[in-house]
Every structure is written in structure tokens, then in C-alpha cells.
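# Fold and contact review
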Amino acid sequence: MKVAFLDRDGTLNKDYPDNEWFDKRTPEILPGTVDGLTYLKEKGYELIIITNQL
């Protein structure tokens, strides 16, 4: 099995300072994220999104 572990903040979506996260309801997805995830899936990878946020 091929697995890709991807960090969420700053890799897939815009990273914000800690004090700004509480106000975010819809994080900004970074350009190329959907294309990149689609590419990995087409290559047979299972995707796991990780974060150190609570």
C-alpha cells in the first residue's frame, strides 16, 4: 500500500497565526492543492492529512 502523509496547515491550506484560527470558518485552500491530491490518488496513494492542531 502506498500512503502519503500531508500536513494540513501551510501545505494544503493557508496557515494562520494561532489567534486568527478561532475566527476562521472556511480555511483558504492553497492553489494547486486539489490538483496535487488528485494526482496522488491517481498514482494509487491513500491520503492521510495530519495536523498538530487541536
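The shown structure was predicted, so the numbers you read here are calculated from the model rather than taken from an experiment.

### Digging into the overall build of the protein chain
A count of helices and strands for the protein chain gives two helices and two strands. In the protein chain, the succession of helices and strands from N to C terminus is β-α-α-β. At 13 Å, the protein chain has a C-alpha radius of gyration far larger than the 10 Å of a compact globule built from 54 residues. Each principal axis of the C-alpha atoms in the protein chain carries an extent, and together these give about 40 × 20 × 15 Å. Residues classed as buried in the protein chain amount to 17% of the 54 residues present. Considering only intrachain contacts with a sequence separation of at least 6, the fraction spanning at least 24 residues in the protein chain is 55%. Of the roughly 4400 Å² of accessible surface on the protein chain, 55% is carried by carbon and sulfur atoms. Of the charged side chains in the protein chain, 7 are positive and 10 negative; the average position of the first set lies 5 Å away from that of the second.

### So, the pattern of salt bridges
As enumerated under the stated definition, the model contains two salt bridges in all. Aspartate 9 is paired through a salt bridge with arginine 8; the nearest N and O atoms lie 2.8 Å apart. Judged by its relative accessible area of 27%, arginine 8 is partly exposed. A salt bridge links lysine 41 to glutamate 46; its shortest N-O distance comes to 3.8 Å. Its relative accessible area of 43% is what places lysine 41 among the partly exposed residues. For glutamate 46, a relative accessible area of 40% translates into the label partly exposed.

### A closer look at the environment of aspartate 35
On the secondary structure map, aspartate 35 appears in helix α2 (residues 33–42). Owing to a relative accessible area of 60%, aspartate 35 belongs among the exposed residues under this scheme. Considering only alpha carbons, one finds aspartate 35 and phenylalanine 5, 30 residues apart in sequence, at a separation of 16 Å.

About the cut-offs
- Residues numbered from 1 in each chain as written.
- Predicted model: local features only at pLDDT ≥ 70, side-chain atom pairs only at ≥ 80, totals over all residues.
- Heavy atoms only, no water.
- Helix = DSSP H or I, 4+ residues; strand = E, 2+ residues; numbered from the N terminus.
- Rg over C-alpha atoms; globule rule 2.2 N^0.38 Å.
- Buried < 20%, exposed > 50% of the residue type's maximum accessible area, 1.4 Å probe, protein only.
- Contact = heavy atoms within 4.5 Å.
- Areas by Shrake-Rupley, 256 points an atom, 1.4 Å probe, with all protein chains shown as cover.
- Lys, Arg positive; Asp, Glu negative; His and termini not counted.
- Charge placed at Lys NZ, Arg CZ, Asp CG, Glu CD.
- Salt bridge = Lys/Arg side-chain N within 4 Å of Asp/Glu carboxyl O.

Nothing here speaks to function; it is geometry throughout.
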